[in-house]
Amino acid sequence: MSLRLTPAATLCALSALTLGYSVNALAETTLSALFMTQAAYSEADIRAMTADFTKQHPDIKVNLEFVPYEALHDKIVAARGAGDKGYDVVLFDAIWPAEFNKYGLLQDVTARIPADESSKIFDGAISTVTYKDKRWGMPWILDTKYLYYNKAMLAKAGITTPPATWADVEKQSEILKEKGIVKYPLVWSWSQSEALLCDYTTLVSAFKGDFYKDGKLNFTNSGAMKAISYMKETLDKGLTNPNSREYLEEDVRKSFSNGDAAFALNWTYMYNMANDPKQSKVAGDVGVIPAPGETAGGASGVNGSMGLGIAKASAHPDQAWEYISYMTSQPVQNKYAKLSLPIWKSSYEDPAVQKDQEQLIAAAKTSLNVMLSRPVTADYSRLSNILQQNIQAVLQGKTPAKDGMEAATTAADRLR
């Protein structure tokens with residue numbers, strides 16, 4: 001017996017089929033993206049950006065995962081074993097492309113980035129995703145550390161201008177401490193973590209040091225030794241909060257925002273958060289300048305930028321690139337410029353980007369041009385641990401600065 005459908009039934013069946021295909025089309029691709037919950041864009045910002053993206057791309061769904069910065073590297077490496085069941089989009093630090101290239105963790109996206117687009121981006125941002133003249137992602141977070149200061153505390157101490165050199169920072173801190181304005185004028189993120197190396201690199205930059213000698217890793221040159229000696233001296237003088245040796249960036253922000261420090265070295269995101277009266281006792285008294293140099297007129301910085309890349313095993317590279325392109329686009333970055341400044345040069349002349357953060361923008365225009373990169377090596381994770389341990393030993397008073405940095409140099413040489 002044959003079954004015949006009435007015209008109405010046929011229409012209903014076709015409608016159901018069409019609806020089914022539409023639903024399937026809308027849920028066609030699901031991406032998995034890995035981000036961090038530390039500094040720069042907030043989790044709420046990233047979720048809002050992603051929601052706007054999926055509205056414009058209803059055929060793409062994005063599952064977001066957030067981990068602390070300290071877990072980000074190992075999460076990316078561990079996902080290699082998951083194949084195409086792992087991440088599609090990952091956030092990576094400027095120091096990882098060499099290692100990730102060695103182990104094939106990221107896709108080469110050089111051909112996806114037009115040359116004219118690269119010219120509109122800061123060189124420091126582009127260098128973040130570049131290794132062996134190839135691009136391994138799009139820069140997303142363009143960042144360095146700035147020196148924040150409490151205007152009211154300085155004024156109370158009779159200090160009329162912010163420090164122009166790191167020696168000035170020390171002198172002004174001594175005045176603030178002597179006058180009893182604040183017990184520990186300085187606060188840093190010196191826990192045994194990557195945050196410690198970012199502060200250390202900033203000071204190495206200030207004292208015109210680097211991390212190499214005759215093509216080999218070396219941490220005993222004049223600038224590098226001045227950096228570690230400065231750190232230890234401020235602790236010995238009681239100018240640096242001793243808890244800094246256990247602090248990450250958020251601890252620094254909270255300490256400064258609570259009025260427990262006159263000076264703090266931290267990333268861009270702290271400016272607007274420290275100026276928010278809902279979460280800061282010093283809102284309105286926050287000053288920011290480029291991290292100073294050894295001499296007046298100089299500046300220092302560390303390349304703390306990060307990029308978004310396509311995981312090597314991703315089964316959806318085109319859709320992943322659509323998502324990355326959206327997240328790193330100038331309109332999106334301009335919209336969310338309060339916690340992380342854009343990678344795009346022209347954004348810094350945009351009144352909407354400048355609004356309420358003119359002082360930060362002015363500092364950025366200097367700082368973003370003097371960023372020193374941490375050592376570039378495919379074995380960076382192990383090198384980082386070596387440096388962290390030896391610098392911590394110095395800061396804890398367990399070993400002299402010269403011995404500690406010689407030990408770091410000897411251990412680093414074994415990695416070659």
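Just so we're clear, the structure is a prediction, and the values are computed from it rather than from any experiment.

Moving on to the confidence of the model for the protein. A residue-level look at the protein finds 93% of positions with pLDDT of 70 or above and a mean pLDDT of 92. Confidence drops under pLDDT 50 across residues 1-5; counting only partners more than four residues distant or on other chains, this segment forms one contact.

Phe35, Trp140, Trp166, Leu176, Tyr200, Phe219 and Ile228 are the most contacted members of the largest nonpolar core, which totals 126 residues. Among the nonpolar cores identified, the runner-up in size contains seven residues, and Ala39, Cys198, Trp267 and Tyr269 belong to it.

Right, let's get into the sheet that holds strand E7 (residues 146-150). Strand order in the open sheet formed by four strands is E8-E11-E7-E12, and the pairing between neighbours is mixed. Only two strands of the sheet have a single partner each, and these edge strands are strand E8 (186-187) and strand E12 (286-290). In terms of strand pairing, E7 meets strand E11 (residues 263-266) through four bridges, oriented antiparallel. In the strand pairing of E11, Tyr148 is matched with Ala264. Against the sheet, helix H11 (residues 249-257) contacts E7, E8, E11 and E12, and its axis sits at roughly 150° relative to E11.

Contact pair helix H17 (residues 380-395) / helix H18 (residues 401-413): the axes reach a minimum separation of 9 Å and the direction vectors enclose 165°. One way to sum up the angle between H17 and H18 is to call them roughly antiparallel. Considering how the two elements wind past one another, H17 and H18 form a crossing that is right-handed. Facing H17, whose interface residues are Leu383, Ile386, Leu387, Asn390, Ile391 and Val394, H18 presents Ala401, Gly404, Met405, Ala407, Ala408, Ala411 and Ala412. When grouped by side-chain class, the residues that make up the contact of H17 with H18 number eleven nonpolar, two polar and no charged.

Moving on, we get to empty space enclosed by the protein. Going through the model one piece at a time under the given rule, you end up with two cavities of 30 Å³ or more. In this model, the largest cavity occupies a volume close to 180 Å³. Forming the boundary of the largest cavity are 17 residues, of which Met36, Tyr69, Glu249, Trp267 and Met306 lie nearest the centre. Those elements that place two or more of their residues in the lining of the largest cavity are helix H3 (69-78) and helix H9 (194-206). The leading source of residues in the lining of the largest cavity is H9, at three residues. Looking at the lining of the largest cavity, its residues break down into nine nonpolar, two polar and six charged.

Rules used throughout
- Residues numbered from 1 in each chain as written.
- Predicted model: local features only at pLDDT ≥ 70, side-chain atom pairs only at ≥ 80, totals over all residues.
- Heavy atoms only, no water.
- pLDDT = per-residue confidence, 0-100.
- Contact = heavy atoms within 4.5 Å.
- Core = buried A, V, L, I, M, F, W, Y, C linked by side-chain atoms within 4.5 Å.
- Buried < 20%, exposed > 50% of the residue type's maximum accessible area, 1.4 Å probe, protein only.
- Pairing = 2+ DSSP bridges.
- Helix = DSSP H or I, 4+ residues; strand = E, 2+ residues; numbered from the N terminus.
- Axes fitted to C-alpha atoms, helices over the stretch in contact; angles between N-to-C directions.
- Parallel < 35°, antiparallel > 145°, perpendicular 65-115°, else oblique.
- Left-handed = near helix turned anticlockwise from the far one by under 90°.
- Nonpolar A, V, L, I, M, F, W, Y, C, P; charged D, E, K, R; others polar.
- 1 Å grid on protein atoms, 1.4 Å probe; cavity = no way out; pocket = protein on both sides within 12 Å on 5 of 7 lines; lining within 4 Å.
- Points joined across faces, edges and corners; volume = space filled by probe spheres on them.

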